Amino acid sequence: MSATLGAILQELEPDWDIQIFERLGDLAEESSNPWNNAGTGHAALCELNYTPERTDGSIDISSAVKVNEQFQISRQFWAHLVTSGAIPDPRAFINPTPHMSFVWGEANVDYLRRRWEALKDHPLFTGMEFSDDPRVIRTWAPLLIPGRAKSEPIAATRAVAGTDVDFGALSHLLTKRLADAGATLRTGVVVTGVKRQRDRTWKLSLRRDVGGTPVAPVTARFVFVGAGGYALKLLQKSGIKEIRGYGGFPVSGEFLRTDDQEVVARHAAKVYGKASVGSPPMSVPHLDLRVVDGSGSLMFGPYAGFSPKYLKTGSILDLFASIRWHNIVPMVAAGLGNLGLVRYLVGQLLASEETKFAELRRFYPDAQPEDWYRITAGQRVQVIKRDRKKLGVLQFGTEVVAAGDGSIAGLLGASPGASTAVPIMLDVIERCFPDRLAAWTPALKRMVPSYGTKLSEDPDRAARTLADTAKALQLSA
Ligand SMILES: Cc1cc2nc3c(=O)[nH]c(=O)nc-3n(C[C@H](O)[C@H](O)[C@H](O)COP(=O)(O)OP(=O)(O)OC[C@H]3O[C@@H](n4cnc5c(N)ncnc54)[C@H](O)[C@@H]3O)c2cc1C
C-alpha cells in the first residue's frame, strides 16, 4: 500500500522528499509477502461472496461490479508502469491465471448458473464461461474431476482474464523505483511514535528493530501509516480524533502448499468454492496456482485460526494493547454481534488434520497428504467500528482513516486487499490533498486513463481498457 502511494506521489511531485520506514529486515515480509496471501487479483470473477442471492432468488451483482471496477484501476496503473518502462517485465509480478468458481450440489449448481447469467453480458465480465459437464470442467482444471462420484451434480464458471499477482515482488519493484528516484528507504527501523508538532508537522520517533537503539527522529508534513495490522496502533498514537471508536479483530490463517511439479502441472487456475451458509467471506476455500520467482506451486485454504497478534511477527499483547476507552464498547458489541464468526473460528481451531485435508479433497479428490505441507498465512485485522444502532460492528472491507486536515492517513482492514491498492491510495490522495487535485488530474489520467469515470457505464471504453491493459501486462483478454 505504501509503495503504491509513494509511486503515485513521486510521479505527481518528483521534488517531494519521500522517506519509507520498515521495521523488518526486508520489505513485504508481512501480508504482502506472496506466501502470506493468496495472490488473487480480486476482480470478482470467481469469488462468490461478491454475488449474494436476494430473497427473491435474483443475484445481486453490485459488489462484484464495484470490486472489478476497482481492480481495473489497479490494472491500468500497473499497465502504465510497464508501458512507461518503470517495470520492464510484467511477468515479474503478474501472471495470467484463469479464475474459476466451482460448486457441487443441485442448489449450488443452480445458483452458479444464475450468477453466470447475471454477469455474462456485463462489460466487465465478458467471456465468462459456464459448464455443468464434468468433461468440460476437466479440460479447465483436471484435478477437480477424477475420484468424484459421477452422480454428484457439479458446475463451474471460468474467466480466462483472471490473474495471479505476486504483491511482494510488486512492492519491491515499486520501492526500488522510488529509491532510484531519490526516496529514502530504511529497513530494520521501527516507527515508535507519531506526534503532532506546534507547526502542524508530524514528528516520527524511530528505533532500530534489532537492539532497540534510538534513531534520530524525522519530521514530515504528511504521513501515510501503511503499517498493515499495526496501522491501528500508530494511528492511535497519533492522537487524531478520527481513529476514536475503531478497533481490530485479528484472524490468523494457514494454507496447504505443494511444490510437486507433477501435481502443479495439472492445475493452471484459481478455483474458488462457496463458503458454507453463515461463515465469513474469508472462509471461502480455494485451490490456486501460484507463480513466485518464476516457479509454480499450488496453495489450498485458507484455514482460519485465532491469534491476538496484529502482525504475523507481532506481539501476543497486540489485541489487548489496542483497547481504549473509546473502542471498548464497539469491540465488545462487535464480538457479541458476531458469535457466528467466533463459532466458525473455534470450529477451525478444533478441526483435526484429517478434517482439514478432507476440505482439500472436496476440490481435488485424489489429493495425497504426503504431497502437501502447511504454511502460516499473514494476519488479517478486520475493522471494528462504532455503529449507532448496534454500538459496534465488524466489517470485512478496508477503510482509510484520515485526519480532518489531511496531514496523516492510514489504512485499516484486509479485503479485497492488495488488488485494490491503487483505488484505495487514490482515495487517500483525494482526501488528503483536495486543494492539489485539479492540478494533478491530468497526471492521474495518464496513470489511470479511466480516472474519474466508471468503466461499467461505458461498455466501449471498458472493452478498450481491458484489451489495452491485457496487452501491456501480457494477460489473456
Ligand atoms: C491470508 C490472506 C490472504 C490474502 N489474500 C489476498 C489476495 O488473494 N488478494 C489480495 O489482493 N489481497 C489479499 N490479502 C490482503 C493483502 O495481503 C493485504 O491487503 C496487503 O498485503 C496489505 O498491504 P499493506 O502494505 O497494507 O500491509 P503489509 O504488507 O502487512 O505491510 C505493512 C508493513 O508495515 C511494517 N510495519 C508495521 N508497523 C511498523 C512500524 N511501527 N514501523 C515500521 N514498519 C512497520 C510491517 O513490517 C509491514 O512490512 C490477503 C491477506 C491475507 C492475510
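Residue indices begin from 1 for each chain and proceed along its sequence in written order. With pLDDT at 70 or above as the cut-off, local features in this predicted model cover only qualifying residues; side-chain atom pairs require 80 or more to be listed or tallied, and sums for whole chains, interfaces and linings still use all residues. In computing side-chain values, all of the structure's heavy atoms are included and hydrogens and water are not.

> In this structure, what is going on with the sheet that holds strand E20 (residues 408–413)? I would like to understand it.
Strands belonging to one sheet form pairs held by backbone hydrogen bonds; the direction of such a pair is parallel or antiparallel. By this definition, two strands are paired if DSSP reports at least two bridges between them. We count a stretch as a helix when DSSP gives it H or I for four or more residues in a row; a strand needs E for two or more, and each element gets its number in order from the N terminus. Taken together, the three strands give an open sheet; going across it, the order is E11-E20-E19, and neighbouring strands pair in mixed fashion. Every other strand in the sheet has two partners, leaving strand E11 (223–225) and strand E19 (398–402) as the edge strands with one partner each. Taken over all neighbouring pairs, the strand axes of this sheet differ in orientation by 15 degrees on average, direction set aside. Any two residues whose heavy atoms approach within 4.5 Å are treated as being in contact. The convention used is that axes are lines fitted to C-alpha atoms, helices contributing only their stretch in contact, and that angles between N-to-C directions extend from 0 to 180 degrees. Together, E11, E19 and E20 form the strand contacts of helix H12 (residues 421–432), whose direction differs from that of E19 by roughly 20 degrees.

> Would you explain the environment of Arg386 in this entry?
Topologically, Arg386 is positioned in strand E17 (residues 380–387). Taking the C-alpha atoms as reference points, Arg386 and His326, separated by 60 residues in sequence, lie 9.3 Å from one another. Setting aside its immediate chain neighbours within four residues, Arg386 contacts Arg244, Gly245, His326, Pro330, Leu391 and Gly392.

> Help me understand the packing of aromatic side chains, please; the structure alone is not making it clear to me.
Stacked, tilted and edge-to-face are the three classes applied to pairs of Phe, Tyr and Trp rings, where Trp contributes its six-membered ring and a pair requires centres within 6.5 Å; stacked means planes under 30 degrees apart, edge-to-face means over 60, and tilted covers the rest. Evaluation of the coordinates by the stated rule reveals 15 aromatic pairs. Judged by centre distance (5.9 Å) and plane angle (65 degrees), the rings of Trp16 and Trp440 are edge-to-face. Residue Trp16 is located in the loop between helix H1 (2–12) and strand E1 (19–22), and its partner Trp440 is located in helix H13 (residues 437–447); the two are separated by 424 residues in the primary sequence. Residue exposure (1.4 Å probe, protein chains only): buried if accessible area is under 20% of the type maximum, exposed if over 50%, otherwise partly exposed. Using a relative accessible area of 4% as the deciding quantity, one classes Trp440 as buried. Aromatic side chains Phe249 and Phe306 sit 5.9 Å apart centroid to centroid with 35 degrees between the ring planes, which places their arrangement in the tilted category. Linking Phe249 in strand E12 (residues 247–258) with Phe306 in the loop between strand E15 (295–305) and helix H8 (318–321), this pair joins segments that are 57 residues apart in sequence. Among the aromatic residues, ring-to-ring pairing joins Phe102, Trp104, Phe300, Tyr303 and Phe363 into one connected group.

> It is not clear to me how the sheet that holds strand E10 (residues 214–220) should be interpreted in this structure. Could you clarify?
Judged by pairing direction, the sheet is antiparallel, and its three strands sit side by side in the order E8-E9-E10 without closing on themselves. Strands at the two margins of the open sheet, each flanked by one partner only, are strand E8 (189–196) and E10. Taken pair by pair, the neighbouring strands of this sheet meet at an average axis angle of 25 degrees, ignoring direction. Bridge count for strand E9 (residues 202–208) against E10 is five bridges, and the pairing is antiparallel.

> What should I look at first to understand the site of the ligand in this one?
Around the ligand, the surrounding shell holds 33 residues, and the nearest of these are Glu22, Ser32, Thr40, Val191 and Ser419. Polar contact criterion, stated in full: a pair of N or O atoms within 3.5 Å, where within protein one must be able to donate a hydrogen and the other to accept it, and residues adjacent in sequence count only if both atoms are side-chain atoms. Met1 places a polar main-chain atom, nitrogen or oxygen, 3.1 Å from an oxygen atom of the ligand. One nitrogen or oxygen atom from the main chain of Val191 is found 2.9 Å from a nitrogen atom belonging to the ligand. Surface accessibility in these figures is a Shrake-Rupley result with a 1.4 Å probe; residues are shielded only by whichever protein chains are displayed. Protein chains bury 93% of the 1,000 Å² of accessible surface belonging to the ligand in isolation. Among the elements of the structure, E1 and E8 are those that each provide at least two residues to the shell around the ligand. For the shell around the ligand, the element with the highest residue contribution is E8, accounting for three residues. Only Asp, Glu, Lys and Arg are considered charged, only Ala, Val, Leu, Ile, Met, Phe, Trp, Tyr, Cys and Pro nonpolar, and every remaining residue, Gly among them, polar. Looking at the shell around the ligand residue by residue, the class counts come to 16 nonpolar, 13 polar and four charged. Residue proximity to a molecule or strand is established when one non-hydrogen atom of the residue lies within 4 Å of it.

> Can you walk me through the nonpolar core in this structure?
As a rule of thumb, soluble globular proteins bury nonpolar side chains together. We call a set of buried Ala, Val, Leu, Ile, Met, Phe, Trp, Tyr and Cys residues a nonpolar core when their side-chain atoms join them within 4.5 Å. Of all hydrophobic cores here, the largest spans 70 residues; its most connected members are Ile8 and Trp78. Tallying contributions element by element places helix H2 (residues 62–83) first for this core, with nine residues. Ranked by size, the runner-up nonpolar core spans 39 residues in total, among them Val215, Leu345, Val381 and Ala403.

> I'm lost on the side chain of Ser450 in this one. Help?
If you trace the backbone, Ser450 turns up in the loop between H13 and helix H14 (459–472). Residue Ser450 is classed as buried on the basis of its relative accessible area of 3%. Looking at Ser450, its side chain comes within polar contact range of the side chain of Gln76, at 2.9 Å. Contact partners of Ser450, with chain neighbours within four places excluded, come to Gln76, Leu455 and Arg461.

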